[in-house]
Amino acid sequence: MKNMGVSKKIKINWGTVINYFLLTILVVICFYPFLNVVAYSFSSNRAVLSGTVTFFPIEMQLDAYKEIVHRGQIWTAMRVTMLVTLLGTAIGLILTVFAAYALSKDKLKGRRWISGMILFTMYFNGGIIPTFLVIKNLGMYDQLTSLYIPSAVNVFNFIVMRTFFREIPKSLEEAAYLDGATDVQILFKIVLPLSMPIIATIGLFYAVYYWNDYFNALIYIQSPEKYTLQLRLRSLLFAGELGAAGNEGLAQQVMAESLKMACIVVGTVPILAVYPWLQKYFVKGVMLGSVKG
Amino acid sequence: MKWAKQRQAGYRSRHSGSKNIWFYIWRDKWLYLMLAPVITYYIVFKYVPMYGLVIAFKDYNVFKGITGSKWVGFLNFKQVFQTDLFWQSIKNTLILNLSTLAVNFPLTILVALMLNEVKYPLFRRVSQSFLYLPHFMSWVVVAGIATNLFAQTDGSVNQMIKHLGFNAIPFLNSSGWWVFTYVICNVWKEIGWGTIIYLAAITGIDESLYEAAYIDGAGKVQRILYITLPMIRSVIIVMLILSISKMMSIGLDAPLLLGNTKVINVSEVISTYIYRLGIVKAEYSLSTVIGLFQSAVNIFILILADRFAKMIGEEGIL
């Protein structure tokens, strides 16, 4: 008896071991590039130059971050992006909730037509140039409104939200109807309190979209003081703006290297700090979106 | 009760046809009011641009506007179709999309299956968090990291390769290697995110199937091959069809940010071509032709893919 117990304990399932091992490697591959950037941003000039920085900072210092604080450009861009993200997420959520709630009602006349009109844009649209011309004619070119108004409602998010609303038991709403509640009261008093997970998920999707959006800013924004964070990052990382400032010597150039890395960290951390806490919700959100609309 | 009666009355009268449309509009006024801004948004920013597509058939002049510009029939189409760069950009779009799909699609399913075998909740949750991480990074950041890693002289990857005694690889500067780098970056960014949908499908499989197979002596690999994969077959097919129907669409960010003048012969795709021609050079009519052509092909592939799905007994996507 004793022997059997022991042999059971010792028995190693190699398939399982290999599986865990491979997944661990995959996790490292996914995380390492970012960790490396963080390590570089905190390392001293000498360490950056020697190219030996891997997982952890070498000769830790904060010069790169101090430099960011001194350079107004990055803060300006950060403020623009925060504003656009905040407004875009708020407007997107409000419009998506309204559309999804109204069109989740079976009693609504013409709901098929209106849903169809929304879904159709997923498969066919005017494309980059005609949209650009409309924005220009509306006087939104080089205005921040061009960043959060033209992409206010996302069809995928609308589908996810509508599917969620449809799954809320009808009996709850019907009881409220009997008490004489209007559709607006039902939305705010019954449906929304039950929908916080999906609101958080869709809010995250919109916020990530606006925070990371590069395309719209590239096309619609011209004045440097209206540059978004991604646009500013791009010019710092690729166009060699930092190099121009660091012609005086090698130390300056190395500085530029860790400064670039610090910029990446500053531009990424806000989103990375939020998403793990919402993981359980957005997984469900993606699943809801996969149910055909 | 009053409402229920009213609703019943509504249904009955709809069949008899006596209640007019205003009754319903008044009854659901709040819902229509909620829809008003959304409908306005879609008309202004999605349907008006669709009307704007007519400039593909016009010699668009900014000062004359869309209605004032002269009709030129298919002249713009002729000009676009005679441009080598146009066909090159289509070819590049297909190459980049197909090679990404060929690597990403099977790998995503494999990783989902691997994650599903993990029985420790903490390990599973934490590893998923890390796998989702790249999805939340912007292309600007990903391209910045990639240039840092893959640079020919001082990139970390090439330093390692040189350390092992091999020659440095021009990941970003030679056409062939650039496609490789592009695919790697795409797979890195989206592989974790892609597993969500498969994991969800796997969770829905009836546990008793596995128990029955276990009793019949099926091993882990056999259970995956004969139960898990067949049970998520329809999800796999739908995902494949969705990806294939997007073959002609490609984001502007990745090719534009990863590309450079040395690899422009493979990195110039439809979206970057439209951007350079339409926004940078202000050739509005010509670039609209390209956009319209792309949309038309997209619709065509979508319908074809949907037909195919229904033909093999799946639900389809339309």
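Here the structure is a predicted model, which means the values were calculated and not measured. (Residues numbered from 1 in each chain as written. Chains lettered and ligands numbered in written order. Predicted model: local features only at pLDDT ≥ 70, side-chain atom pairs only at ≥ 80, totals over all residues. Heavy atoms only, no water.)

**As for the domain arrangement of chain B**
Residue and element names in this part refer to chain B. On domain assignment, one finds that chain B holds domain 1 (19–73) and domain 2 (78–311). Taken residue by residue, the interface counts 8 residues in domain 1 and 5 residues in domain 2. In total, about 540 Å² of surface goes out of reach between domain 1 and domain 2, with carbon and sulfur atoms giving 79% of it. Its largest share of buried area at the contact with domain 2, domain 1 owes to Leu53, Ile55 and Ala56, together 66% of the area lost on that side. Here domain 1 and domain 2 share 0 salt bridges between them. Remark: the boundary between domain 1 and domain 2 carries 3 residue pairs in polar contact (both at pLDDT 80 or more). (Domains from an automatic or database assignment. Contact = heavy atoms within 4.5 Å. Buried area = accessible area lost by both parts, 1.4 Å probe. Salt bridge = Lys/Arg side-chain N within 4 Å of Asp/Glu carboxyl O. Polar contact = N/O pair within 3.5 Å; in protein donor to acceptor, adjacent residues only side chain to side chain.)

**With respect to helix H11 (residues 183–194) of chain A**
Helix length check: H11(A) (12 residues) gives 15 Å between terminal C-alpha atoms against 16 Å at 1.5 Å per residue, within 8%. Every buried residue of H11(A) is listed here: A:Asp183, A:Ile186, A:Leu187, A:Ile190, A:Val191 and A:Leu192. Lining the buried residues of H11(A) we find helix H5 (72–103), helix H9 (155–167), helix H10 (170–178) and helix H12 (196–212) of chain A together with helix H2 (21–27) and helix H3 (29–52) of chain B. (Helix = DSSP H or I, 4+ residues; strand = E, 2+ residues; numbered from the N terminus. Expected span 1.5 Å × (residues − 1). Buried < 20%, exposed > 50% of the residue type's maximum accessible area, 1.4 Å probe, protein only.)

**A word on the pattern of salt bridges**
Here the structure, examined in full by the defined rule, presents 8 salt bridges over all chains. With a closest N to O distance of 3.4 Å, A:Asp183 and A:Lys107 form a salt bridge. Highlighted residues: A:Asp183 in helix H11 and A:Lys107 in the loop between H5 and helix H6 (111–123), separated in sequence by 76 residues. Of the charged contacts, one joins B:Arg276 and B:Glu268 as a salt bridge, the two residues approaching to 3.0 Å between their closest N and O atoms. The exposure class assigned to B:Arg276 is partly exposed, which follows from its relative accessible area of 29%. A network of salt bridges, in which partner residues are shared, links A:Lys107, A:Asp183, B:Arg27 and B:Asp28.

**A word on the environment of B:Leu35**
You can see B:Leu35 is positioned in helix H3. The residues touching B:Leu35, leaving out its near neighbours within four places in the chain, are A:Ala99, A:Ala102, A:Leu103, A:Leu108 and A:Ile114.

**Notes on the environment of B:Arg276**
Residues and elements named next belong to chain B. Along the chain, Arg276 turns up in helix H16 (residues 270–280). Considering only alpha carbons, one finds Arg276 and Leu31, 245 residues apart in sequence, at a separation of 43 Å. Setting aside residues up to four positions removed in sequence, Arg276 forms contacts with Leu256, Ile264, Glu268 and Lys281. At 3.0 Å, the side chain of Arg276 and the side chain of Glu268 are in polar contact.

**Topic: the packing of aromatic side chains**
Within this structure, the stated rule accounts for 38 aromatic pairs over all chains. Cluster of aromatic residues (ring-pair linked, three or more members): B:Phe57, B:Phe74, B:Phe77, B:Phe81, B:Phe86, B:Trp87 and B:Phe293. Of note, A:Lys136 hangs over the ring of A:Tyr141, and the distance from its end group to the ring centre comes to 5.3 Å. The positively charged end of B:Lys58 is found above the aromatic ring belonging to B:Trp71, 4.6 Å away from the centroid. (Phe/Tyr/Trp six-rings, centres within 6.5 Å; stacked < 30°, edge-to-face > 60°. Lys NZ or Arg CZ within 6 Å of the ring centre and 35° of its normal.)

**Description of the interface of chain A and chain B**
On the chain B side, the residues contacting the 89 residues of chain A number 86 residues. Across the chain A to chain B interface the summed buried area is about 8,000 Å²; carbon plus sulfur atoms make up 75%. Taken together, the links from chain A to chain B amount to 1 salt bridge. Put simply, A:Lys107 and B:Asp28 hold a salt bridge, and the shortest N to O gap is 3.1 Å. Along the contact surface separating chain A from chain B lie 14 residue pairs in polar contact (both at pLDDT 80 or more). A total of 15 residues in the side of chain A that touches chain B trace back to one element, the largest contributor, which is helix H2 (residues 14–42) of chain A. Tallied by class, residues from the side of chain A that touches chain B come to 62 nonpolar, 18 polar and 9 charged. (Nonpolar A, V, L, I, M, F, W, Y, C, P; charged D, E, K, R; others polar.)

**Regarding the pairing of strand S1 (residues 58–61) of chain B**
Residue and element names in this part refer to chain B. Side chains of S1 alternate between two faces, with Lys58 and Tyr60 buried and Asp59 and Asn61 left unburied. By the bridge criterion, 2 bridges tie S1 to strand S2 (residues 69–71) in an arrangement that is antiparallel. Residue pairing for S2: Asp59 is matched across the bridge by Lys70. (Pairing = 2+ DSSP bridges.)

**What to know about the packing of helix H6 (residues 84–117) of chain B against helix H10 (residues 175–203) of chain B**
Residues and elements named next belong to chain B. H10 packs onto H6 with a crossing angle of 40° between their chain directions and a minimal axis gap of 7 Å. As summarised for this structure, H6 and H10 are arranged oblique, according to the angle between their axes. Viewed along their axes, H6 and H10 form a crossing whose handedness is right-handed. The residue makeup of the contact of H6 with H10, split by class, is 18 nonpolar, 8 polar and 1 charged. (Axes fitted to C-alpha atoms, helices over the stretch in contact; angles between N-to-C directions. Parallel < 35°, antiparallel > 145°, perpendicular 65-115°, else oblique. Left-handed = near helix turned anticlockwise from the far one by under 90°.)

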